[in-house]
Amino acid sequence: MAEDHDVVVLGGGSAGESLAQEFAARGKTVALVEDRLVGGECPYYACMPSKAMLRAAAEGMSWESAIKLRDDVAGHRDDSDAAKALVDAGVDVVRGQGVITGPGTVRVGARELSCTDLVIATGAEAVLPDIPGLDKTAAWTSDDALSSEELPEQLLIL
């Protein structure tokens, strides 16, 4: 049996998270579907960690201190506070990958969600480009670079 909502938001990145909160504040029943981290790339793998690393470099911090600052700023990639804030705002946070199964229906694992309005806010995912020979060397995406504990001896950025 489907769980009825006014709105289902596919994707809990910064856009989806904000929209879900806004819809809930306006009295709508909302489900937010996210299979990774609520808040998306920015707080955990992109904006916040990169700014922390730049700050660490500008201040001349050691690698170990820079990694600690990055991980502290990124909340150690723990989205439980962000998810709790949504739940506290009245949003049903559904963990998993959503599949649109028909008009106004989304399946997430064994759960079937129905909605009047569907918002697709799935964002993007880091991928390696299709460059001949790249698969034969150690290569990182930006997510890998901004979450690594290792300081590489050499690094080429494309």
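Here, every reference points to the structure presented above.
Report follows, based on the coordinates. For clarity, every value in this text was computed on a predicted model and none was experimentally measured.

Another aspect to go through is the sheet that holds strand 3 (residues 91-95). Here we have six strands laid out as an open sheet, ordered 3-2-1-6-5-4, and mixed in their pairing. Strand pairing shows two members of the sheet lacking a second neighbour, strand 3 and strand 4 (98-102), which therefore form its edges. Ignoring which end each strand starts from, the neighbouring axes of this sheet average 45° apart. Relative to strand 6 (residues 111-120), strand 1 (residues 3-10) is paired through seven bridges, and the arrangement is parallel. From the neighbouring strand, Val9 faces strand 6, where its bridge partner is Val119. Sheet strands touched by helix 1 (residues 14-25): strand 1, strand 2 (30-34), strand 3 and strand 6. Its angle to strand 2, the strand with the most contacts, is close to 165°. Packed onto the sheet, helix 5 (residues 80-88) meets strand 2 and strand 3 and runs at close to 140° relative to strand 3.

What follows is about helix 1. Along its 12 residues, helix 1 runs 17 Å from first to last C-alpha, staying within 8% of the 16 Å computed at 1.5 Å per residue. Those residues of helix 1 not exposed but buried are Gly16, Glu17, Ala20 and Ala24. Angular distribution of buried residues about the axis of helix 1 spans 100°; they occupy a single face of the element. Elements in contact with the buried residues of helix 1: strand 1, strand 2, helix 5 and strand 3. Remark: Gly27 follows helix 1 within two positions and exhibits a positive phi of approximately 90°.

The next point concerns the pattern of salt bridges. Enumeration over the complete set of coordinates arrives at 13 salt bridges. Of the charged contacts, one joins Glu3 and Arg111 as a salt bridge, the two residues approaching to 2.5 Å between their closest N and O atoms. Of the two residues, Glu3 is situated in strand 1 and Arg111 in strand 6; the sequence distance between them amounts to 108 residues. Residue classification places Glu3 among the partly exposed residues on the basis of a relative accessible area of 28%. By relative accessible area, which is 29% here, Arg111 ends up partly exposed. Between Glu22 and Arg26 there is a salt bridge, and its shortest N-O distance comes to 2.6 Å. Shared partners join several salt bridges into a network, and the residues in it are Arg70, Asp71, Arg77 and Glu149.

On the surface, Ile100, Leu118 and Ile120 cluster together to form a nonpolar patch covering roughly 270 Å² of accessible area. Locating Leu118 in the fold gives a position in strand 6. Taking the relative accessible area as the measure of exposure, Leu118 reaches 34% and is therefore partly exposed.

Here the focus is the side chain of Asp79. Looking at where Asp79 falls in the secondary structure, it is placed in the loop between helix 4 (63-73) and helix 5. Of the residues examined, Asp79 reaches a relative accessible area of 8% and is grouped as buried. Here the side chain of Asp79 touches Arg95 through a polar contact of 2.8 Å, side chain to side chain. In this structure Asp79 touches Arg36, Leu37, Val38, Tyr44 and Arg95, once residues within four positions along its chain are discounted.

Another aspect to go through is the packing of helix 3 (residues 47-58) against helix 4. Axis separation between helix 3 and helix 4 bottoms out at 8 Å; the angle between their running directions is 150°. In terms of orientation, helix 3 lies roughly antiparallel with respect to helix 4. In the crossing of helix 3 with helix 4, the sense of the turn from one axis to the other is right-handed. Contact residues: Met48, Pro49, Ala52, Met53, Arg55 and Ala56 in helix 3; Trp63, Ala66, Ile67, Leu69, Arg70 and Val73 in helix 4. In terms of residue class, the contact of helix 3 with helix 4 is made up of 10 nonpolar, no polar and two charged.

Cut-offs applied
- Residues numbered from 1 in each chain as written.
- Predicted model: local features only at pLDDT ≥ 70, side-chain atom pairs only at ≥ 80, totals over all residues.
- Heavy atoms only, no water.
- Pairing = 2+ DSSP bridges.
- Helix = DSSP H or I, 4+ residues; strand = E, 2+ residues; numbered from the N terminus.
- Axes fitted to C-alpha atoms, helices over the stretch in contact; angles between N-to-C directions.
- Contact = heavy atoms within 4.5 Å.
- Expected span 1.5 Å × (residues − 1).
- Buried < 20%, exposed > 50% of the residue type's maximum accessible area, 1.4 Å probe, protein only.
- Arc of directions from axis to C-beta.
- Salt bridge = Lys/Arg side-chain N within 4 Å of Asp/Glu carboxyl O.
- Patch = residues over 30% accessible without salt bridge, like charges linked within 9 Å, V, L, I, M, F, W, Y side chains within 5 Å.
- Areas by Shrake-Rupley, 256 points an atom, 1.4 Å probe, with all protein chains shown as cover.
- Polar contact = N/O pair within 3.5 Å; in protein donor to acceptor, adjacent residues only side chain to side chain.
- Parallel < 35°, antiparallel > 145°, perpendicular 65-115°, else oblique.
- Left-handed = near helix turned anticlockwise from the far one by under 90°.
- Nonpolar A, V, L, I, M, F, W, Y, C, P; charged D, E, K, R; others polar.

Distances and angles like these do not, on their own, reveal function.
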